[in-house]
Amino acid sequence: MIKNAKKGLLLTGPSQESLFAAGGGTDASVARPLVLVTRGRTEFLAHCPRCKDWHRHVHLGKVTGPCGTEYELQARRTKGAA
């Protein structure tokens, strides 16, 4: 991670495409979400496979985005997991 005076904390790493459906398998209806911890709860940010927008969900599993697309949110593997 890099800290920028104007933009704050910048994340470096793999591109968006490798974090979600393309990186998660061959099924385009599977998303590997990023975890977002808010004040009151934990949410999951997912890149929609259809509209390519970011959607927020409160649970993993089968979800429906605001655009009407149904897809599965699966947890990402942790480093060192086999």
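Given the structure is predicted, the values throughout are model-derived calculations rather than measurements.

Conventions we followed
- Counting restarts for each chain, with residues numbered from 1 along the sequence as it is written.
- Selection of residues for local features in this predicted model requires a pLDDT of at least 70, selection of side-chain atom pairs for listing and counting requires 80 or more, and totals for whole chains, interfaces and linings are taken over all residues.
- Side-chain numbers here rest on the full set of heavy atoms in the structure, without hydrogens or water.
- Note on terminology: disulfide denotes any pair of cysteine sulfur atoms within 2.5 Å.
- A run of H or I in DSSP becomes a helix once it reaches four residues, and a run of E becomes a strand once it reaches two; helices and strands are each numbered from the N terminus.
- Exposure classes here rest on a 1.4 Å probe applied to the protein chains alone. A residue is buried below 20% of its type maximum, exposed above 50%, and partly exposed in between.
- Here, a strand pair is defined by DSSP locating no fewer than two bridges between the strands.
- For this analysis, a salt bridge means a side-chain nitrogen from Lys or Arg found within 4 Å of a carboxyl oxygen belonging to Asp or Glu.

Concerning the state of the cysteines
When the sulfur atoms of two cysteines share a covalent bond, that bond is a disulfide.
Link 1 in the chain: All chains considered together, the criterion is met by zero disulfides.
Link 2 in the chain: Summary of cysteine pairing: Cys-67 is not part of a disulfide, and the nearest cysteine sulfur, belonging to Cys-48, is at 3.7 Å.

Quick notes on unusual backbone geometry
Link 1 in the chain: The phi dihedral of Lys-52 is positive, around 65°, even though this residue is not glycine.
Link 2 in the chain: Take Lys-52: it is sitting in the loop between β5 (42-47) and β6 (54-57).
Link 3 in the chain: Taking relative accessible area as the criterion, Lys-52 reaches 52% and is therefore assigned exposed.

What to know about the sheet that holds strand β8 (residues 70-73)
Link 1 in the chain: Pairing is mixed across the open sheet formed by three strands, whose spatial order is β3-β8-β7. Of all strands in the sheet, those with a lone pairing partner are β3 (30-31) and β7 (61-64), marking the two edges.
Link 2 in the chain: Strand direction decides the pairing type here: β7 and β8, joined by four bridges, are antiparallel. In the sheet register, Val-63 faces β8, and the bridge partner there is Tyr-71.

Observations regarding the pattern of salt bridges
Link 1 in the chain: Using the criterion set out here, one finds two salt bridges in the structure.
Link 2 in the chain: The partner of Glu-43 in a salt bridge is Arg-41, with the nearest N and O atoms 3.0 Å apart.
Link 3 in the chain: Its salt-bridge partner being Glu-43, residue Arg-56 comes within 2.6 Å of it at the nearest N-O pair. Of this pair, Arg-56 sits in strand β6 while Glu-43 is found in strand β5, placing the two residues 13 residues apart along the sequence.
Link 4 in the chain: A residue is classified by how much of its surface remains accessible, and Arg-56, at 52% relative accessible area, is exposed.
Link 5 in the chain: Several salt bridges share partner residues, and in doing so they unite Arg-41, Glu-43 and Arg-56 into one network.

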